[in-house]
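# Geometric and topological summary
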Amino acid sequence: MDDLFIIERLKKKISSPFLYEMKGNHCISLDLSQESIFGGNFRHHSETEKEKILLLISELEYLETLDLRKNLIQKIPQSFFNLKSLRDINLGSNDLVEFPEFLLQNENLEMLFLGCNQIKSIPEKFFLLKKIKSLHLHKNCIEHLPDEFTEFKNLEVIHLYLSMIKEYPESLFNCNKIKTISFGFNEFEHLPKEIGNLSELEYLTLICTNINSLPEEFCNLKKLKATRLFKNKITSLPKNIGNLVNLEQISLYQNDLKKLPESFKNLQNLKLLNLAKNKFDYFPGEISLLSNLEWLSFHDNPHEIIQPMDSSYKVISNKYDLWKVL
Amino acid sequence: MCFLKQNKTLIVFSSKGNSAKNSAFRILDNLNKETEILCLNDNFTLAQNLEFKNLILVCPTYGDEEMERRMEDFLVKSDWNNHQKKNFAICELGLYRGYLETEQGAGIIIKKYLLNKNLFFLGNLLSVDSIPLDDFSLIDKWSQEISSIL
């Protein structure tokens with residue numbers, strides 16, 4: 001069947017606008033994630049209608065990019081084994097309980113988004129997808145995650161927060177092209193010192209865990225631009241945190257910090273600092289030395305800034321106790 | 001099915017744990033007008049002949065992904081034709097305060113949906129950090145503000 005004919009049939013079945021791209025007679029890109037408020041274009045269709053829509057999609061065998069996010073899909077049909085040219089697929093925010101096996105034959109896959117499903121297990125063969133650059137497995141129920149990430153030599157982005165993994169995949173810390181990584185919502189007690197191996201890391205998220213400190217190797221992350229470390233149990237920051245000269249944002253909201261290391265004043269590119277809900281009983285002088293700071297939050301500490309140190313601070317939102325630094 | 005008289009306030013909440021429930025009842029405590037409270041766990045849907053003037057929705061938010069599913073079902077499956085020009089307010093609960101600034105939390109989704117149905121939005125959207133839920137003063141302040149304009 002001609003791809004344009006398939007698209008026309010999809011339009012009738014879906015009855016809301018969606019994006020697609022043709023290359024010659026072939027549809028190479030399809031985005032069904034764009035319904036206005038809740039998400040996917042066929043999110044509220046019946047299960048029978050969803051099956052018919054998925055069947056039509058599977059006939060677009062030249063697809064390279066496919067976005068089916070937020071459609072409450074429970075199962076990917078067998079017919080999806082027709083799709084072998086995918087480079088970029090988003091199956092996030094659906095109701096999948098199994099890893100979609102058809103993905104394994106898409107050896108050119110670079111971006112895989114499976115976040116926000118109920119997937120329990122990742123197959124060993126998953127690591128045959130050696131071209132993966134961006135991997136989103138967050139918000140799942142993963143009981144089994146093979147620890148073979150060294151096979152992913154191009155991996156740049158990985159999200160694992162709320163994935164239910166019980167321990168860090170050690171091999172991940174050997175993927176030295178990683179720029180973005182996230183963990184969170186589990187019982188982790190520490191951040192491995194091997195985090196310092198990720199010399200290209202720019203964005204690190206580690207939230208809602210039991211960790212109470214960061215390894216000194218954290219300070220090796222010279223390219224780090226932003227880190228979200230909120231809702232942990234961090235009592236102190238590494239001595240040389242000031243080495244993170246490219247750091248622009250750090251959120252330490254809701255930890256157990258009482259003071260900042262002296263080197264904190266060296267974070268001269270820092271623009272955003274969130275220290276709310278900690279245990280500071282004084283206003284750390286290091287903050288006043290951060291010449292590029294634009295945004296500070298310090299509410300819910302034993303020492304409340306009612307009127308900050310001097311007139312260089314201006315309230316920008318009473319509701320959130322945010323302080324604009326002039 | 002639940003029948004309420006005109007000018008009454010209806011609080012509807014969806015709660016997997018107890019945070020949304022506790023927040024909803026805290027709001028109830030602060031409203032001095034006659035108010036009824038309903039839990040979406042009971043498969044409640046808004047009946048066409050339901051009478052209320054003000055609707056307060058209390059719902060968990062899951063960040064940039066989606067809102068709590070039962071609240072979505074409630075919104076989508078309810079018939080809003082007879083509720084145009086009625087008032088609504090929203091209290092969302094999440095990982096931190098301030099999802100409302102991201103345009104992606106439950107509060108924003110609900111607000112867009114009900115504005116499309118021609119209801120009026122009352123006051124500021126309340127965004128509460130519910131991990132853990134301990135800032136009841138924020139809820140008190142907000143619900144007293146809402147109470148004053150009902």
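Here, the structure is the one placed above.
Cut-off values and rules
- Residues numbered from 1 in each chain as written.
- Chains lettered and ligands numbered in written order.
- Predicted model: local features only at pLDDT ≥ 70, side-chain atom pairs only at ≥ 80, totals over all residues.
- Heavy atoms only, no water.
- Helix = DSSP H or I, 4+ residues; strand = E, 2+ residues; numbered from the N terminus.
- Buried < 20%, exposed > 50% of the residue type's maximum accessible area, 1.4 Å probe, protein only.
- Contact = heavy atoms within 4.5 Å.
- Areas by Shrake-Rupley, 256 points an atom, 1.4 Å probe, with all protein chains shown as cover.
- Salt bridge = Lys/Arg side-chain N within 4 Å of Asp/Glu carboxyl O.
- Polar contact = N/O pair within 3.5 Å; in protein donor to acceptor, adjacent residues only side chain to side chain.
- Patch = residues over 30% accessible without salt bridge, like charges linked within 9 Å, V, L, I, M, F, W, Y side chains within 5 Å.
- Lys, Arg positive; Asp, Glu negative; His and termini not counted.
- Charge placed at Lys NZ, Arg CZ, Asp CG, Glu CD.
- Core = buried A, V, L, I, M, F, W, Y, C linked by side-chain atoms within 4.5 Å.
- Buried area = accessible area lost by both parts, 1.4 Å probe.
- Nonpolar A, V, L, I, M, F, W, Y, C, P; charged D, E, K, R; others polar.

A word on the overall build of chain A. Within chain A, the regular secondary structure consists of 3 helices and 15 strands. Counting every position in chain A, which comprises 326 residues, the buried fraction comes to 54%. Long-range pairs, those at least 24 residues apart, make up 28% of the contacts in chain A between residues at least 6 apart in sequence. Split by element, the accessible area of chain A, about 14800 Å² in all, is 47% carbon and sulfur.

The next subject is the pattern of salt bridges. Residue and element names in this part refer to chain A. Enumeration over the complete set of coordinates arrives at 16 salt bridges over all chains. With a closest N to O distance of 3.2 Å, Glu8 and Lys11 form a salt bridge. Of this pair, Glu8 and Lys11 both sit in helix H1 (residues 3-14), 3 residues apart, roughly one helical turn. Among the salt bridges present, the one from Lys279 reaches Asp256, with a minimum N-O distance of 3.5 Å. Remark: Asp256 occurs in the loop between strand S11 (249-251) and strand S12 (272-274) and Lys279 occurs in the loop between S12 and helix H3 (285-288); sequence separation between them is 23 residues. Under the relative-accessibility criterion, Asp256 is labelled partly exposed at 24%.

What follows concerns the side chain of Gln254 of chain A. With respect to the helices and strands, Gln254 of chain A occurs in the loop between S11 and S12. Here the side chain of Gln254 of chain A touches Ile131 of chain B through a polar contact of 3.3 Å, landing on its backbone oxygen. Residues within four places of Gln254 of chain A in sequence aside, it is in contact with Phe230, Lys231, Asn232, Ala276, Lys277 and Asn278 of chain A together with Asp129, Ile131 and Pro132 of chain B.

All names here are of chain A. A grouping of Glu124, Asp147, Glu148, Glu167, Glu170 and Glu194 is seen on the molecular surface, where their side chains present a negatively charged patch. Mapped onto the elements of the fold, Glu124 is located in the loop between strand S5 (111-113) and strand S6 (134-136). Judged by its relative accessible area of 43%, Glu124 is partly exposed.

Moving on: the environment of Leu221 of chain A. Residues and elements named next belong to chain A. Here Leu221 lies in the loop between strand S9 (203-207) and strand S10 (226-228). Separated by 24 residues in the primary sequence, Leu221 and Asn197 place their C-alpha atoms 8.1 Å from one another. Excluding its chain neighbours within four sequence positions, the residues that come into contact with Leu221 are Ile195, Gly196, Leu198, Leu201 and Leu244.

Another aspect to go through is the nonpolar core. Within the largest apolar cluster, 89 residues are counted, with the highest numbers of intra-cluster contacts made by Leu10 and Ile57 of chain A. Of all the secondary structure elements, the ones that give two or more residues to this core are H1, strand S2 (26-31), helix H2 (47-57), strand S8 (180-184) and S9 of chain A. Non-local contacts of Leu10 of chain A, meaning those with residues more than four positions away in its chain, are made with Ser15, Phe18, Leu30, Ile53, Leu56, Ile57 and Leu60 of chain A. Judged by nonpolar contacts, the second largest core, of 25 residues, contains Phe88, Ile108, Ile110 and Leu119 of chain B.

Contacts between chain B and chain A engage 27 residues on the former and 27 residues on the latter. When chain B packs against chain A, the two sides together hide about 2100 Å² of surface, and 49% of this comes from carbon and sulfur. Linking chain B to chain A there are 8 residue pairs in polar contact (both at pLDDT 80 or more). Listing elements by their share of the side of chain B that touches chain A, those giving two or more residues are strand S4 (66-67), helix H2 (69-77), helix H3 (106-116) and strand S7 (126-129) of chain B. Considering only residue class, the side of chain B that touches chain A consists of 13 nonpolar, 4 polar and 10 charged.

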